[in-house]
Amino acid sequence: MTADVNKTDGPGATPQAGPEAIKAVPVRHPGRYVSAAVALALLFAIVYAFAQGDINWGAIPDYFFDDRIMHGVWNTLLLTVLSMVIGIVGGITLAVMRLSKNPVTSSLAWFYIWFFRGTPVLVQLFVWFNLGLVFEYINLGPIYKDYWASFMTPLLTALLGLGLNEAAYMSEICRAGLLSVDEGQTEASHALGMSQAKTLRRIVIPQAMRVIVPPTGNEVINMLKTTSLVSAVQFADLFKEAKDIGQNSGSPVEMYFLAAAWYLIMTSILSVGQYYIERHYARGSVRSLPPTPLQRLKAAVLPARRPKGVPA
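I will try to describe carefully the structure that is included in this document.

**Some remarks on the packing of helix 3 (residues 67-98) against helix 7 (residues 154-180)**
Part 1: At a closest axis distance of 5 Å, the pairing of helix 3 and helix 7 adopts a crossing angle of 45°. Comparing the axis directions of helix 3 and helix 7 gives the class oblique. Where helix 3 crosses over helix 7, the handedness of that crossing is right-handed.
Part 2: Along the lines of polarity and charge, the residues of the contact of helix 3 with helix 7 split into 18 nonpolar, six polar and four charged.

Structure (C-alpha cells):
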C-alpha cells in the first residue's frame, strides 16, 4: 500500500504538507559572454579599419544604379539562367547515360564527367574562345557557314564554358537523386505496363527532386558567382562593367566593393527562393512543414492567442 501525502494522524490534525517545489537555477555560461564580446570587438575593429582606409565610399552610391552596372547585372542573371538550363538538361541526360546498361553510353558519360570536372572553368573558357586555331570555320551546310572567330561570340563562349562544365556536376547530383528512389517503385511501374521513359518522368524524377533540389540551389548560387570569370573572354557581365568603370573613374577598389554588394543582393534573393522550393518538395517527407521566416517573425512579435475558455 502507498502512503497518502495528505494523511492525517487523527481527528482535527493538520494535513501534512506536500513536497517542496523545486527551484531550477539555470546553468551559467560565462564563456558565451566572453566570446560574444571578443567577436563584437573584432567586428568593430574591422569596420573601423575600413572606415579609416583610403577608400572613396561616396563613389559606390554614385554608380550603384548606373546604366552600365544595371546592364552587367542583367547579363549576369541571363547568363546564370541559360547556363543552368544547359547544365540541368545536360546533367539529367548524362545521369541517365551513366545508369544505362549499355557500356558504350555509360563510358561516354563517364569520360565527359571526368574531363569537364577535371579541368578549370577558366581554362575551358579560353579553349572555347581560341578553338579557331583548330577549326578555321564552322560549316553546317546550307544552314550556316562562317569563320570560327565570328561564330564564337563572347556570349556563346560563356554559355558553352559554364553550361557544359555545369552539366558534369549536375549529372552527379541527378544520379544521386535517381539512385535514392527505391527500385521497387520502378519495378511496380513496369508491372503496370509503363515504359522506361514514362517511369522516369512520372515516378522516379518527381521522387528524386527532394534529393536533387538542395544541391541544385547551391549550384545556381555558385553559378551566379562563377559568371565573373567570363570577363576574361570580354563578356560584359557585372564584374567586367564594374572593373571598366573603376579604371575610367579612378576608383577600381570602390567598384569591386560595389560589385560585391550586387552579388550579395542577388545571392540572397536566390537563397530565399531556394528555401521555399526545398520546402515545397519536402511536403511528402515530413509530417508538418517547418515555419517560414515570416511565420517565425510573426510568432516572435505578435502575442500567442490563447484558446477560448483558458484563463490568462
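**Side note on unusual backbone geometry**
Part 1: You will see that Gln234, though not glycine, has its phi angle at about 70°, which is positive.
Part 2: On the secondary structure map, Gln234 appears in the loop between helix 9 (196-226) and helix 10 (238-249).

**Focus: the pattern of salt bridges**
Part 1: Taken as a whole, this structure holds four salt bridges when the rule is applied.
Part 2: Arg98 is paired through a salt bridge with Glu172; the nearest N and O atoms lie 3.2 Å apart. One end of the pair, Arg98, is in helix 3; the other, Glu172, is in helix 7, with 74 residues separating them in the sequence.
Part 3: Here the salt bridges share partners, and the residues they tie into one network are Arg98, Glu172 and Arg175.

**Some words on the packing of aromatic side chains**
Part 1: One pass over the structure, following the stated rule, counts twelve aromatic pairs.
Part 2: Taking the centre distance of 6.3 Å and the plane angle of 20° together, the rings of Phe44 and Tyr48 count as stacked. With Phe44 and Tyr48 both in helix 1 (residues 30-52) and four residues apart, the pair spans about one turn of that helix.
Part 3: By relative accessible area, which is 59% here, Phe44 ends up exposed.
Part 4: Assessed through its relative accessible area of 49%, Tyr48 is described here as partly exposed.
Part 5: For the pair Trp110 and Trp114, a centre-to-centre distance of 6.2 Å together with 5° between the ring planes defines the contact as stacked. Here Trp110 and its partner Trp114 are both found in helix 4 (residues 103-118), four residues apart, which amounts to about one turn of the helix.
Part 6: Pairwise contacts between aromatic rings join Phe50, Trp57 and Phe257 into one cluster.

About the cut-offs
- Here the residue index of a chain counts from 1 through its sequence in written order.
- Reporting of local features is limited, given that this is a predicted model, to residues whose pLDDT is at least 70; pairs of side-chain atoms are given and counted only at 80 or more, and all residues count toward the totals for whole chains, interfaces and linings.
- The basis for every side-chain value is the complete set of non-hydrogen atoms in the structure, without hydrogens or water.
- Here an axis means a line fitted to C-alpha atoms, over the contact stretch when the element is a helix, while the angle between two N-to-C directions is reported on a 0 to 180 degree scale.
- Think of it this way: any DSSP run of H or I at least four residues long counts as a helix, any run of E at least two long counts as a strand, and we number them from the N terminus.
- Angular relationships are summarised with four words: roughly parallel below 35 degrees, roughly antiparallel beyond 145, roughly perpendicular across 65 to 115, and oblique for the angles in between.
- Definitions for this section: a left-handed crossing has its near helix turned counterclockwise from the far helix by less than a right angle. A right-handed crossing has that turn clockwise.
- Classification convention: Asp, Glu, Lys, Arg as charged; Ala, Val, Leu, Ile, Met, Phe, Trp, Tyr, Cys, Pro as nonpolar; all other residues, Gly among them, as polar.
- Here, a salt bridge means any Lys or Arg side-chain nitrogen found within 4 Å of an Asp or Glu carboxyl oxygen.
- Pairing of aromatic side chains requires ring centres within 6.5 Å, counting the rings of Phe and Tyr and the six-membered ring of Trp. Pairs whose planes differ by under 30 degrees are stacked, by over 60 edge-to-face, and all others tilted.
- The cut-offs for exposure are 20% and 50% of the maximum accessible area for each residue type, with area from a 1.4 Å probe on protein chains only; residues under the lower value are buried, those over the upper are exposed, and the others partly exposed.

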